[in-house]
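Observations on the three-dimensional arrangement
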Amino acid sequence: VQLVESGGGSVQAGGSLRLSCVASGLTFSSYSMGWFRQAPGKEREFVAAIGWMGGSTVYGDFVKGRFTISRDNAKNTVYLRLNSLKPEDTAVYYCAARYGRPLNYEYDYWGQGTQVTVSS
């Protein structure tokens, strides 16, 4: 199984990014997908998750409507749209796959991460 993230970069506060994660080696439509992030010196934090058909989504409390998770099962891809970015959103963002419900824990596979840097 391989999860490959892309779309990270450097933006100014208030800007937007769209992260992508392409999955291979698994039946994508059978897995819930999640996004996590980890900032330097901090623990990994749950960002968002989406069920296998895309009808169920869950977000971390800090998101407050700024981020949107979506998926395209025909492309084996999950997305995370980041809007109204703040400097505190600076982190490595990781994609993960979970066989089962879209929860904020117990993921089976992880990507290598993509860096998001937000400057003030």
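Scope of this entry: the structure provided in the associated data block. Everything numeric here is computed off the predicted structure, so don't read it as measured data.

Parameters at a glance
Residues numbered from 1 in each chain as written. Predicted model: local features only at pLDDT ≥ 70, side-chain atom pairs only at ≥ 80, totals over all residues. Heavy atoms only, no water. Core = buried A, V, L, I, M, F, W, Y, C linked by side-chain atoms within 4.5 Å. Buried < 20%, exposed > 50% of the residue type's maximum accessible area, 1.4 Å probe, protein only. Helix = DSSP H or I, 4+ residues; strand = E, 2+ residues; numbered from the N terminus. Disulfide = S-S within 2.5 Å. Pairing = 2+ DSSP bridges. Axes fitted to C-alpha atoms, helices over the stretch in contact; angles between N-to-C directions.

Here we take up the nonpolar core. In terms of nonpolar packing, the biggest core is built from 29 residues, with Met33, Trp35, Leu80 and Tyr93 touching the most fellow members. Only strand S3 (17-24), strand S4 (32-38), strand S5 (45-50), strand S7 (67-72), strand S8 (77-82), strand S9 (91-98) and strand S11 (114-119) provide two or more residues apiece to this core. Formed by five residues, the second largest nonpolar core is a distinct cluster that contains Phe36, Ala49, Ala96 and Tyr107.

Tallied over the entire structure, the rule returns one disulfide. Covalently, Cys21 is tied to Cys95 through a disulfide, its sulfur atoms 2.1 Å apart. One quick way to see it: the torsion about the S-S bond of Cys21 and Cys95 is about -70°, and its sign makes the bridge left-handed. Here the residue Cys21 occupies a position in strand S3, and Cys95 occupies one in strand S9, the gap between them amounting to 74 residues. Here Cys95 falls in the buried class, since its relative accessible area comes to 0%.

The four strands lie next to each other as S1-S3-S8-S7, forming an open sheet whose pairing is antiparallel. Only two strands of the sheet have a single neighbouring strand rather than two, namely strand S1 (2-6) and S7. On average, each strand axis in the sheet is tilted by 15° relative to the strand beside it, whichever way the strands run. As defined by bridge partners, S7 adjoins S8 across six bridges and the pair is classed as antiparallel. Across the sheet, residue Phe67 finds its bridge partner in S8, namely Leu82.

Let us look at unusual backbone geometry. Most peptide bonds adopt trans geometry, and most residues besides glycine take a negative phi value. Backbone geometry places Ser84, a non-glycine residue, at a positive phi of 50°. Note on Ser84: relative accessible area 40%, which makes it partly exposed. Even without a glycine there, the phi angle at Glu106 is positive, about 60°. Along the chain, the position of Glu106 falls in the loop between S9 and strand S10 (109-110). Assessed through its relative accessible area of 57%, Glu106 is described here as exposed.

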